[in-house]
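Fold and contact review
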Amino acid sequence: MTAPRCVVDERFIVGESPRWHEDEQALYWVDIYRPSIERLDPATGARRTWPMPERIGCFSFCRDGRLIAGMQSGIAFIDLASGGVERVFDLEPDNPEVRFNDGRSDPQGRFWVGGMIETMDRETNALYRYDPDGSCRAMVDGLICPNGLAFGPDGATLYHSDSRRDLVWAWDLDPASGDIANRRVFAANDPGEGRPDGAAVDADGHYWICCVGAWRIARYAPDGRIDRVIGVPVQRPTACTFGGPDLDTLYVTTATFPLADEALWKQPLAGAVFAIDAGIRGLKEPRFGA
């Protein structure tokens, strides 16, 4: 494993939701507050940016070529070619303090996404599942800041965290129905060692999570033990994903918000995107759709 290297030296406000597009061999991610969708071609260094009309927390690629995204007002389909944004589920579109945060599709093509309040002071949020038939239902209630969405290699385990409770849970997921059961604590973070943010699962079933505030990424074995820690040169790593031709490069997004000027002066790469040669293969990013 090599040290993290900076692949996009820009000060994103809150870079999040990195996703590897296998067909394009390109990395996509969002900046929640810019707000924008970003793209990097690692082979050439070419960059693209698509401004978004409102805050965007996460997205997944769709099987029909569009994106499905969790945004401020709800869930929407995005056509990057035309710029079209079609909202298909309203969260609380008239409440500026509410937005969707972390999410992704499961291997069966369903989109899971968690809502949050910007003040992160109330247990009134939920994790939702939006199905290809257009139905949407709350699957987990009583959350503050849903995060860390990921699925086990066989699609039968759902992981998610609550960044304000410093917990990661695992659920049994029925691949056919999308039902979840048998919730248990997978990991309990010490807030002093970073709060659980965005995550990814590798091909061996290990769970990688960005420990925001703690300059590090932790890798958890399937039994919940930390078996590896990777330091990064910024305080706020936010999310990670596996990419590259062999899916063995760990890409990491980071944030500048809410760091003060003095903290930013001490970490000139805050907000940048990093790549780490993990030496371990990840999983293909699932796409939404039947």
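Located above this text is the structure these notes cover.
What counts as what
Residues numbered from 1 in each chain as written. Predicted model: local features only at pLDDT ≥ 70, side-chain atom pairs only at ≥ 80, totals over all residues. Heavy atoms only, no water. Pairing = 2+ DSSP bridges. Helix = DSSP H or I, 4+ residues; strand = E, 2+ residues; numbered from the N terminus. Axes fitted to C-alpha atoms, helices over the stretch in contact; angles between N-to-C directions. Polar contact = N/O pair within 3.5 Å; in protein donor to acceptor, adjacent residues only side chain to side chain. Contact = heavy atoms within 4.5 Å. Buried < 20%, exposed > 50% of the residue type's maximum accessible area, 1.4 Å probe, protein only.

Inspection of the sheet shows strand β16 (residues 167-173) paired to strand β17 (residues 180-188) by six bridges, in the antiparallel sense. Bridge pairing links D172 to A181 in β17. Remark: six residues form the turn of the hairpin made by β16 and β17, two consecutive strands paired antiparallel; G178 in that turn has positive phi of roughly 85°.

Sheet architecture is open: four strands sit in the order β10-β11-β12-β13, paired in antiparallel fashion. One side of each edge strand has no neighbouring strand; the edge strands of this open sheet are β10 (98-105) and β13 (136-143). Averaged over all adjacent pairs, the angle separating strand axes in this sheet is 25°, with direction ignored.

For S60, the position within the fold is in strand β6 (residues 56-61). At 2.9 Å, the side chain of S60 forms a polar contact with the backbone nitrogen of S105. Residue contacts for S60: discarding those within four places in its chain leaves R66, L67, I68, R104, S105 and F111.

In terms of burial, strand β18 (residues 195-201) is a largely internal element, six of the seven residues being buried. Of the pairings in the sheet, the one linking β18 to strand β19 (residues 207-212) comprises five bridges and is antiparallel in character. Opposite R195, over in β19, you have V212 as the bridge partner. Following β18, the chain reverses through five residues before pairing antiparallel with β19; G205 in that reversal takes a positive phi of roughly 85°.

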